[in-house]
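Here's the letter readout for the chains.
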Amino acid sequence: MSSEKLDNLIEERTTQLERANRERHEELAESHRLPEAPREPEGERCQLALEGTGDSIWDWNIVTGAIDLDGYWTVMLGYEPAEIDFNFDWWFNRIHKEDIPAFEAALNAYLEGREKWYELEYRMQTKTGEWKWIWARGQCVARDEQNQPLRLLGTHRDITARKIAEDKLRQERDLLNGIMQTSVAAITVVDAGGKIIFANERSQEVLGLTQGELVDCLYNAPEWKITDFEGGPFPEEQLPFRQVMATGTPIFDVQHAIEWGDGTRKYLSINGAPLIDSSGAIARVVLSITDITDRLRVEEQLLHDALHDALTGLPNRILFVERVEHALKLSKRHQDYLFAVLFLDLDRFKVVNDSLGHRIGDQLLVAIARELERCLRNTDTVARLGGDEFTILLEDINDLKDATKVAERIQKILKSPFIVEGHEVFTSASIGIALSSTGYDCAEDLLRDADIAMYRAKELGKARHEVFDKVMHASALKLLQLENDLRRALERQEFEVYYQPITSLFTGTLTGFEALLRWHHPTQGLVSPLEFIPVAEETGLILPLGRWVLHEACRQLHTWHTQFPMTEPLKISVNLSGKQLKELEFIEQIDQILEKTGLDGRFLKLEITESVLMDNADTATKMLLQLRARNIQLSVDDFGTGYSSLSYLHRFPVNTLKIDRSFVSQMNPNDRNCEIVRTIVTLAHSLRMDVIAEGVETLEQLSELKLLKCEQGQGYFFSKPLTKEAAGKLLTQVPQW
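Residues numbered from 1 in each chain as written. Predicted model: local features only at pLDDT ≥ 70, side-chain atom pairs only at ≥ 80, totals over all residues. Heavy atoms only, no water.

1. Regarding the packing of helix 19 (residues 542-563) against helix 21 (residues 586-597)
Thought 1: Packing of helix 19 against helix 21 brings their axes to within 9 Å, and their N-to-C directions diverge by 30°. For the element pair helix 19 / helix 21, the angle class is roughly parallel. Regarding helix 19 and helix 21, the two cross each other, and that crossing is right-handed. When helix 19 is examined against helix 21, the residues Arg547, Leu550, His551, Cys554, Arg555 and His558 are found in contact with a partner set consisting of Gln589, Ile590, Ile593, Leu594, Lys596 and Thr597.
Thought 2: Broken down by class, the residue content of the contact of helix 19 with helix 21 amounts to five nonpolar, four polar and three charged. (Axes fitted to C-alpha atoms, helices over the stretch in contact; angles between N-to-C directions. Helix = DSSP H or I, 4+ residues; strand = E, 2+ residues; numbered from the N terminus. Parallel < 35°, antiparallel > 145°, perpendicular 65-115°, else oblique. Left-handed = near helix turned anticlockwise from the far one by under 90°. Contact = heavy atoms within 4.5 Å. Nonpolar A, V, L, I, M, F, W, Y, C, P; charged D, E, K, R; others polar.)

In structure tokens:
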């Protein structure tokens, strides 16, 4: 029932009651009580009509406090009629305490004429103790001569369900508002015309507006639209708002940039979804806009770091390989497209680090990187692979000469010293060149071949360049196969120790043997130590090989001591690698080998080249002193071929100098080699060392060495290296020379 109809019914009822009141005015004046008005048939019809709306009727005698409630009231509150005391106090006591002030204020406002209706919402307690929300509305139906209200008549409606729904809606609205206001994204609601009708606080920061500007855009400038912010690389029809309006489907992570007048740019990621009205049309569009500027910058920095060297800022291996791959694709599409890869390794860079420190070494690398950039075209690429290795990609060259000219230009630049923190530093580089015309399918193959050519340049004297050819590749493959076979050889027991006699030049008697490693390859036969020892050194396999040789030689000598006792027991000489000398456990290994084999340490002589001694002078001195403390003898091998410092030589606890075969084998009376040998013998004796001459092959050489008072010798004149069986047979004889 509409409010207007209800008002008419109430006015009609009021007229009826006023007529009854006039008839009983005198009686009411004496008793101050108003009798209950009789229900007219029309009033009953009104009651039925009201009950049909779900409302209940109340009739309140203000003078007596009596309240007349219809039956629906009892249903609403859960009471039986007999349980209700129809007076104001009973009713008032069931109003929620928090709502009493509102009740009194509404009543007073009506009674004082400030409101046309008595109307309010409040809670009442049911029989079960629950609270129901009541909407009450009424008017005065009787007044005294002073126009004071005597009775109020009105309706009650149970609005509990509505209040619960409103409360739930409010909670959801508060939750949504909290989410929107605390979101890191700018959330805007746009109508179908593109006007913003809502924007959270984050919007002002993301969209680049102050709070005042944003408010002005929202409320005072209805022509302002979200599309004003959608400048960027997209066609207009692809702008986020227009995409949603055109397709009616959500969009996700549409990215573009906003650029301001000062040139600054902000990158945004936009999600959008349509809000559909009851007719199925798009009424609004919700846009969630995230500022991804910082994220993109971090991603760009991470990508840059992943593809560039941290020290020099040059491209790293990953980026360099990518560019070589791209050049390969171009060469496949265009037959006349030629490019080259240069592999550059600094010569003796380790000396800079060891002498001046890694900080100076790093600054030198940076300076070299800048020089390399300056001597290349913008289309070329220079990269640092790590350490002191650089690579260069020369794109679209005419022929090999272009690549060699760049290599020569680099060599010329490196001839000038670099000034680093006041230090004048000289360096050079070995450069390998691989040309694309050789026919490649993989960038890594180009790098590999340029690397092979670079190593060939180092072998040929450094500070030069070499161009890769097929012979180098075959050699590299052979070397790789040799390394693979070498790794398995020790497990397969393919090694054998040979023994070359060492003889006293004064008595002609055997004084000992030098243990020499031999490799019996299953398919290649006997492999020269000159081939596999450098590979073993480079790969680190020299360490297990060295331990095995040392153990085998000591074991064999102890066996010969037992089988062939002599007045002066034989000694065994074993070559020692520089890598073994650096092992922290080397002394412990020596002790274990001597203990296991039962050999007395005074019969073991370790041979060390002078280059190894000079490269590790301080470390070598400490290690050699520990060996001498165990009565182990020490010998400097190949003396005269290295760069010994006499100031260091006397500090080493060395027993013997071995003259290199290159001097002995070409020694003739009164020639230069003979004088060198004489000088070495004299030097050794002055340092209280004895001398062994290697490479003795003729009687003349033997005679000359005797004249020079060289104590011992070895070489083919006495015997070639022997197997352990042949050496054992030699010990049964008494050789005389």
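2. Some words on the pattern of salt bridges
Thought 1: For the structure on display, the rule yields 35 salt bridges.
Thought 2: Glutamate 444 is the salt-bridge partner of arginine 317, the closest N and O atoms lying 2.9 Å from each other. Note that arginine 317 is positioned in helix 12 (residues 317-333) and glutamate 444 in helix 16 (residues 443-459), a separation of 127 residues in sequence.
Thought 3: In this structure, glutamate 568 and lysine 571 form a salt bridge, with 3.7 Å as the shortest nitrogen-oxygen distance.
Thought 4: Here glutamate 568 falls in the exposed class, since its relative accessible area comes to 54%. (Salt bridge = Lys/Arg side-chain N within 4 Å of Asp/Glu carboxyl O. Buried < 20%, exposed > 50% of the residue type's maximum accessible area, 1.4 Å probe, protein only.)

3. Overview of the confidence of the model for the protein chain
Thought 1: Of the residues in the protein chain, 86% have a pLDDT of 70 or more, and the chain-wide mean is 82.
Thought 2: In this model, residues 20-40 is a region of pLDDT below 50 whose contacts with residues beyond four sequence positions or in other chains number 28 contacts. (pLDDT = per-residue confidence, 0-100.)

4. Re the layout of surface pockets
Thought 1: Space inside the largest pocket adds up to approximately 1,900 Å³.
Thought 2: Around the largest pocket sit 42 residues that line it, and Tyr455, Lys458, Glu459, Pro534 and Glu538 are the ones nearest its centre.
Thought 3: Within the residue set of the lining of the largest pocket, elements represented by two or more residues are strand 11 (340-347), helix 13 (349-356), helix 16, helix 17 (470-489), helix 18 (529-539), helix 20 (578-582) and helix 22 (610-615).
Thought 4: Ranked by the residues each element gives to the lining of the largest pocket, the list is headed by helix 17, at 10 residues.
Thought 5: Within the lining of the largest pocket, the residues separate by chemical class into 15 nonpolar, seven polar and 20 charged.
Thought 6: What the second largest pocket holds in volume is close to 1,100 Å³.
Thought 7: Surrounding the second largest pocket, 41 residues form its lining, Leu516, Pro529, Ile533, Asn575 and Asp637 being those nearest its centre.
Thought 8: Split by residue class, the lining of the second largest pocket holds 16 nonpolar, 14 polar and 11 charged. (1 Å grid on protein atoms, 1.4 Å probe; cavity = no way out; pocket = protein on both sides within 12 Å on 5 of 7 lines; lining within 4 Å. Points joined across faces, edges and corners; volume = space filled by probe spheres on them.)

5. Re the sheet that holds strand 17 (residues 465-467)
Thought 1: Taken in spatial order, the five strands line up as 12-13-11-16-17 in an open sheet, and their pairing is mixed. Pairing within the sheet leaves two strands with one partner each, and these edge strands are strand 12 (381-386) and strand 17. Across the sheet, the mean angle from the axis of one strand to that of its neighbour is 20°, orientation sign disregarded.
Thought 2: Two elements, strand 11 and strand 13 (residues 389-394), share six bridges in a ladder whose sense is antiparallel. Residue pairing in the sheet places aspartate 345 in a bridge with glutamate 389 of strand 13.
Thought 3: Against the sheet, helix 14 (residues 358-374) engages strand 11, strand 12 and strand 13, with an angle of about 10° to strand 13. (Pairing = 2+ DSSP bridges.)

6. Looking at the pairing of strand 24 (residues 656-659)
On any regular strand, side chains alternate: one points to one face of the sheet, the next to the other face.
Thought 1: Burial along strand 24 is two-sided: Thr656 and Lys658 and Leu657 and Ile659, pointing in opposite directions, are all buried.
Thought 2: In the sheet, strand 23 (residues 633-639) pairs with strand 24 via three bridges, with the strands oriented parallel. The residue of strand 24 that forms the bridge with serine 635 is threonine 656.
Thought 3: Here strand 24 runs beside strand 25 (residues 690-693); their pairing, made up of four bridges, is parallel. Of the residues in strand 25, the one forming a bridge with lysine 658 is isoleucine 692.

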